[in-house]
Amino acid sequence: MAPYGAVDIRSGRDGSLLRRLLGPPPAMWAWGHTVAMTGDLDGDGIPDVIVGDNGPYTPGAIAVLGSVSGALIHRWQVNTMIDDNFGFPSIASVDVDRDGFEDVIASAHSGNAGQYIYSGRDGSLIQHFHDPPNDVVIGTVVALRPQAGDPFPRYVCQGGSSSTTRTYMFSGAPDGVERTGLGSAGTLPRMPVLCLRKLIPSGFRVTLAGAEPGAFAWLVIGFDQGPLPYYDLSQLGFTNCALHPQPALVGFFVAGTTWPEAGYVAHDFAQTLVPASTPGSFTAYLQWIVFGQGSTWPGGVSEAMRMHVL
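Notes on the structure in this doc start here. (Residues numbered from 1 in each chain as written. Predicted model: local features only at pLDDT ≥ 70, side-chain atom pairs only at ≥ 80, totals over all residues. Heavy atoms only, no water.)

Remarks on the environment of serine 69
- On the secondary structure map, serine 69 appears in the loop between strand S5 (61–65) and strand S6 (72–76).
- It is 9.2 Å that separates the C-alpha atoms of serine 69 and aspartate 44, two residues lying 25 residues apart in sequence.
- In terms of polar contacts, serine 69 uses its side chain to reach the backbone amide nitrogen of alanine 71, at 3.1 Å. (Helix = DSSP H or I, 4+ residues; strand = E, 2+ residues; numbered from the N terminus. Polar contact = N/O pair within 3.5 Å; in protein donor to acceptor, adjacent residues only side chain to side chain.)

In structure tokens form, the structure reads like this:
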């Protein structure tokens, strides 16, 4: 064993040792105090490992290591003070922003306390939640996969003070999105996943994951109008493609080329989804146009996400 602990991966067939993961520097006190599996974050096709390193007299830290290579993928630490129990007693993993990479959810009990969600793709902070009247958000976290009709995953954590305990359920949707659903079916031969992600400190990101890699993509966004199922995009090289919402209220945003990894493309908006000048609630439609690569792959439009925005 290493001086500060180790994480062993063993065969489910015979219990033999497959790999031992040692903590990357700086070593704390209790490497392996918490352990969880996550998706493939280093691109080798094998799920990777999240490890907590926390104990008495040290601040907590969380690392993601490649389960095959043992290489460090991400590392996070939110405090310099001791005994914050960051990542203890549990860590969860779910693709909150649906960009094709599972994200990491963990909590710190003191100092910069609260629940933290980090992107599995690039390690950036997706969300930080803290409820000061209840002192802390305890690190008991449960992740729930997306359900039919709702493209956003949900996750649950527990918080409490000396006299009360509360349970919190969150949606992966950005602030102000009350309901989501399918506006229309898409025409792409390889149907990707469309989603929104809140950005820190403000704004939001519209993502498309699982599309054909290396394809050029445009984002279409519109408000308050229902779909026009027979609107023809022949002028853009498509036939029999439905564009939603109505063209009169559409904004086109050139987003670039989908990445080779997970067929991913994104467009960021600096403002929140709801402008301050917009009274009341409205319906928003988001859809991607993905251009083809010749006759072998003609391209098409993604499904349209319909959202009720507060």
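Moving on from the coordinates now.
Section: the sheet that holds strand S8 (residues 103–108)
- Spatial ordering of the open sheet is given by S7-S8-S9-S10, a layout of 4 strands whose pairing is antiparallel. Every interior strand has two partners, whereas the edge strands, strand S7 (92–94) and strand S10 (125–129), have only one. Shown here is a sheet whose adjacent strand axes are inclined to one another by a mean of 20°, direction ignored. (Pairing = 2+ DSSP bridges. Axes fitted to C-alpha atoms, helices over the stretch in contact; angles between N-to-C directions.)

Considering the pairing of S6
- As paired strands, S5 and S6 are joined by 4 bridges and run antiparallel to one another. Looking at the pairing, isoleucine 62 lines up with tryptophan 76 of S6.
- With antiparallel pairing between neighbouring strands as the criterion, S5 and S6 make up a hairpin whose turn holds 6 residues, including glycine 70 at a positive phi of roughly 75°.

Overview of the pattern of salt bridges
- What the rule picks out here adds up to 4 salt bridges.
- Here arginine 205 ties to aspartate 268 by a salt bridge, and the two come within 2.6 Å at their closest N and O atoms. Of the two residues, arginine 205 is situated in strand S16 (residues 204–209) and aspartate 268 in strand S19 (residues 265–269); the sequence distance between them amounts to 63 residues.
- The exposure class of arginine 205 is buried, given its relative accessible area of 15%.
- The structure contains a network of salt bridges with shared partners spanning Asp8, Arg10 and Arg20. (Salt bridge = Lys/Arg side-chain N within 4 Å of Asp/Glu carboxyl O. Buried < 20%, exposed > 50% of the residue type's maximum accessible area, 1.4 Å probe, protein only.)

Considering the environment of tyrosine 168
- Mapped onto the elements, tyrosine 168 comes out in strand S13 (residues 165–171).
- Residue classification places tyrosine 168 among the buried residues on the basis of a relative accessible area of 12%.
- Each C-alpha atom, one on tyrosine 168 and one on glutamine 158, is 6.1 Å from the other, the two residues being 10 residues apart in sequence.

A look at the sheet that holds strand S15 (residues 193–198)
- If you trace the 3 strands from one edge of the open sheet to the other, you get S15-S16-S19, paired in antiparallel fashion. In this open sheet, the two edge strands, each paired with only one partner strand, are S15 and S19. Strand after strand, the sheet turns through a mean of 15° between neighbouring axes, direction not considered.
- Sheet topology places S16 next to S19; 5 bridges connect them, and they run antiparallel. From the neighbouring strand, arginine 205 faces S19, where its bridge partner is aspartate 268.

Worth remembering: the numbers are spatial, not functional.
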